[in-house]
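# Structural overview for review
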Amino acid sequence: GNDYLFLWELQTGYLHFFGDISKRYRILENGTGQCTIEDWCGIVYEKDRTTLRKEIAQVLQGEIVQYNTDYRLMDREGNRVWINCQGRSITDAAGRPVTMVGRISDTVLERKVDPLTGAFNGSKLADDMKRILDAELPCYLLLIGIDNLKHINLHHGREYGNQILCMMADTLEELVGVGLRVYRVNGDCFAVNLPVPEKEAVEQAYQQVRTSMAEYCTISAGVVSYHEHNNVDSNALYQYAEEALDKAKRMGKNTMAFFSQKDYEEKLSTVELQEELYQSIQNGFSGFSVYYQPQLQCGSYELFGVEVLLRYCSPSRGTVGPGEFIPVLEQTGMICPVGLWVLKTGLEQCRVWRKALPQLHISVNISYPQLSQKDIAYQVLELLEESGLPGDALTLEVTESMQLQDYANFNRLFYQWKRAGIEISVDDFGT
């Protein structure tokens, strides 16, 4: 890569180059060190020509004095090379532009271009997003992810996967309007900005890409509009598009989802709750408490036992219902330490109450993630032993319509507990 200085005579249309530009590009073939602006346009990548011609006209009219633009040239091997061209017009006494002096560089953009596909990268997207937000024009950011690229690479080899990535870049290049850019933002994900006012045009664009690529892969897409969120910065906007893409993948892939503020806030709320639950566990289970629900004998209505219920009070939002916090504990595995804490607390309370009610039973929920832990059988028996209670004082309630695929393992577990006198009951048995 090199920088080449140029002088452009605006009246005659001649370009003079300083530096060996003809080595890499088919230009100055006549050996004179000069060519016409039309010769130059001949080596510009066809999709960038219309915009360049428009800019040339603006320079000649004197509308552009400081010139700074990016476009692609075709090198001698037929590769597209991004260049940055900067120049400044010099005017005559009457203020008419006469010449432009400047430089062309094929290294300035190297760090902003993806070497595999020739598309721009995420750092260039961030620059361009700032510009679009500042302009406050209607525009959509479309993020497109190739579904299951890892599987494609595993199954057909990485070279085939790379071909699909290049094909994807070319397909998007064909789709987007003149002067618009394609970006490869990470392994399997591309972005384009679509300056259209209505969602239908975005849906149409997505369907076109999906149809073009259907033979090779499926694609998921997430979309966010600049004009509906011009109160946020480019980082937040990009996060919104990522969230929409995640949503499309959760919906089963091969589909497109628009960003929803409501979904995003719910997800944010879950992430915050997850962080608070984690902190509570670290701080000796602060915020967690247990309640005891009496269990009465059928017929005699005598107190048989109590069921231990877990409750949580968040430092930021007060009481959180079990329907909200239990799934978060289960999905993150935090239910394992919390479950043992509930069991320990319940057993200790039961021992105290048994001084007055010697036959009192205690019932504690145990969830699927807990049962899947390696040493759960031992942990439960150890807590029982520490409490000094007999095994038949404890009932473990297996919660929800639990996946019993691991039937043999659970059978072994239940057998060990039953030998110690622990009762096992299945909650929501009907489901």
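The preceding data block contains the structure.
A few points on the structure. Since the model is a prediction, treat every value here as computed from it, not as a measurement. (Residues numbered from 1 in each chain as written. Predicted model: local features only at pLDDT ≥ 70, side-chain atom pairs only at ≥ 80, totals over all residues. Heavy atoms only, no water.)

### Side note on the overall build of the protein chain
In terms of regular secondary structure, the protein chain is built from 13 helices and 18 strands. A compact globule built from 431 residues should have a C-alpha radius of gyration of about 22 Å, whereas the protein chain, at 34 Å, is more than 25% larger. A principal-axis box enclosing the C-alpha atoms of the protein chain has dimensions of 110 × 45 × 35 Å. Taking all 431 residues of the protein chain together, 44% fall into the buried category. Relative to all contacts within the protein chain whose residues are 6 or more apart in sequence, the contacts with residues 24 or more apart total 62%. Each charge class in the protein chain can be summarised by its mean position, and for the 40 positive and 58 negative side chains these summaries are 3 Å apart. (Helix = DSSP H or I, 4+ residues; strand = E, 2+ residues; numbered from the N terminus. Rg over C-alpha atoms; globule rule 2.2 N^0.38 Å. Buried < 20%, exposed > 50% of the residue type's maximum accessible area, 1.4 Å probe, protein only. Contact = heavy atoms within 4.5 Å. Lys, Arg positive; Asp, Glu negative; His and termini not counted. Charge placed at Lys NZ, Arg CZ, Asp CG, Glu CD.)

### Section: the sheet that holds strand E10 (residues 189–194)
Taken in spatial order, the 6 strands of this open sheet run E7-E9-E10-E8-E11-E12, and their pairing is mixed. The two strands at the open ends of the sheet, each matched to only one other strand, are strand E7 (120–121) and strand E12 (256–258). Running at roughly 120° to strand E9 (residues 182–186), helix H3 (residues 122–135) makes contact with E7, strand E8 (140–146), E9 and E10 of the sheet. (Pairing = 2+ DSSP bridges. Axes fitted to C-alpha atoms, helices over the stretch in contact; angles between N-to-C directions.)

### Focus: the side chain of Arg72
Among the secondary structure elements, Arg72 is positioned in strand E4 (residues 66–74). With a relative accessible area of 4%, Arg72 lands in the buried category. A polar atom in the side chain of Arg72 sits 2.8 Å from the side chain of Glu173. Dropping the residues within four chain positions of it, Arg72 is found in contact with Ile43, Val44, Tyr45, Asp48, Arg80, Val81, Trp82, Glu173 and Arg181. (Polar contact = N/O pair within 3.5 Å; in protein donor to acceptor, adjacent residues only side chain to side chain.)

### Side note on unusual backbone geometry
At Asn254, a residue that is not glycine, the phi angle is positive and equals roughly 55°. Given a relative accessible area of 29%, Asn254 falls into the partly exposed group. Phi angles above zero are rare outside glycine, and Phe285 is one such case at about 65°.

### Observations regarding the environment of Arg317
Checked against the element boundaries, Arg317 lands in the loop between strand E14 (303–314) and strand E15 (318–320). Assessed through its relative accessible area of 29%, Arg317 is described here as partly exposed. Beyond its immediate sequence surroundings of up to four residues, Arg317 is in contact with Ser269, Glu272, Leu273, Glu276 and Glu324. Engagement of the side chain of Arg317 in a polar contact is seen with the side chain of Ser269, the distance being 2.9 Å.

### Comments concerning helix H2 (residues 46–61)
Helix length check: H2 (16 residues) gives 24 Å between terminal C-alpha atoms against 22 Å at 1.5 Å per residue, within 8%. For H2, the full list of buried residues reads Lys47, Asp48, Leu52, Glu55, Ile56 and Val59. One or two positions beyond H2, positive phi appears at Gly62, with a value near 85°. (Expected span 1.5 Å × (residues − 1).)

### Considerations on the packing of helix H8 (residues 261–282) against helix H9 (residues 322–332)
The N-to-C vectors of H8 and H9 enclose an angle of 75°; their axes lie 10 Å apart at closest approach. Judged on the interaxial angle alone, H9 and H8 are roughly perpendicular. Counted together, Ser269, Thr270, Leu273, Gln274 and Leu277 of H8 and Glu324, Phe325, Val328, Leu329 and Thr332 of H9 form the full contact between these two elements. Split by residue class, the contact of H8 with H9 holds 5 nonpolar, 4 polar and 1 charged. (Parallel < 35°, antiparallel > 145°, perpendicular 65-115°, else oblique. Nonpolar A, V, L, I, M, F, W, Y, C, P; charged D, E, K, R; others polar.)

### Brief notes about the packing of aromatic side chains
Evaluation of the coordinates by the stated rule reveals 17 aromatic pairs. One aromatic cluster is present, formed by Phe285, Phe288, Tyr312, Phe325 and Trp341 through successive ring pairs. The aromatic ring of Phe120 is capped on one face by Lys124, whose charged end is 4.9 Å from the ring centroid. Here the guanidinium or amino end of Lys199 rests over the ring plane of Phe258, the centre of that ring lying 4.6 Å away. (Phe/Tyr/Trp six-rings, centres within 6.5 Å; stacked < 30°, edge-to-face > 60°. Lys NZ or Arg CZ within 6 Å of the ring centre and 35° of its normal.)

### Overview of the nonpolar core
General note: in soluble globular proteins, nonpolar side chains tend to be found buried as a group. In this structure, Leu277, Phe288, Leu329, Val380, Leu394, Leu396 and Trp417 are the most contacted members of the largest nonpolar core, which totals 45 residues. Broken down by element, the residue count for this core peaks at 9 residues, all from helix H10 (residues 335–354). Not counting residues within four places of it along the chain, the set of residues in contact with Leu277 comprises Phe288, Tyr312, Phe325, Val328, Leu329 and Met334. (Core = buried A, V, L, I, M, F, W, Y, C linked by side-chain atoms within 4.5 Å.)

### So, H9
All of the buried residues along H9 are Phe325, Val328, Leu329 and Glu330. The positive-phi residue at the C-terminal boundary of H9 is Gly333, with phi of around 85°.

### Regarding the state of the cysteines
Using the criterion set out here, one finds 0 disulfides in the structure. Cysteine Cys139 is unpaired, with the sulfur of Cys189 as its nearest cysteine sulfur at 16 Å. Sulfur of Cys217: no disulfide; nearest cysteine sulfur belongs to Cys166 and is 13 Å away. According to the relative accessible area criterion, Cys217 is buried, its value standing at 7%. (Disulfide = S-S within 2.5 Å.)

### Comments concerning the sheet that holds strand E2 (residues 14–18)
Strand order in the open sheet made by the 6 strands is E3-E2-E1-E6-E5-E4, with antiparallel pairing throughout. In this open sheet, the two edge strands, each paired with only one partner strand, are strand E3 (34–36) and E4. Within the sheet, the average angular offset between the axes of one strand and its neighbour, ignoring direction, is 25°. Relative to E3, E2 is paired through 3 bridges, and the arrangement is antiparallel. Residue pairing for E3: Tyr14 is matched across the bridge by Thr36.

### Structural notes on the pairing of E4
Here E4 runs beside strand E5 (residues 80–91); their pairing, made up of 9 bridges, is antiparallel. Residue pairing in the sheet places Thr69 in a bridge with Cys85 of E5. Joining the antiparallel neighbours E4 and E5 is a turn of 5 residues, in which Gly78 adopts a positive phi near 85°.

### Some remarks on the pattern of salt bridges
Counting across every chain of the model gives 20 salt bridges. In this structure, Lys247 and Asp263 form a salt bridge, with 3.0 Å as the shortest nitrogen-oxygen distance. Placement of Lys247 in helix H7 (residues 234–250) and of Asp263 in helix H8 is noted, with a sequence separation of 16 residues between them. Lys247 gets classed as partly exposed once you look at its relative accessible area, which sits at 22%. When its relative accessible area of 27% is taken as the criterion, Asp263 is described as partly exposed. Its salt-bridge partner being Arg317, residue Glu324 comes within 3.5 Å of it at the nearest N-O pair. Within this structure, Asp70, Lys124, Asp128 and Arg131 form a network of salt bridges that share partners. (Salt bridge = Lys/Arg side-chain N within 4 Å of Asp/Glu carboxyl O.)

Nothing here speaks to function; it is all geometry.
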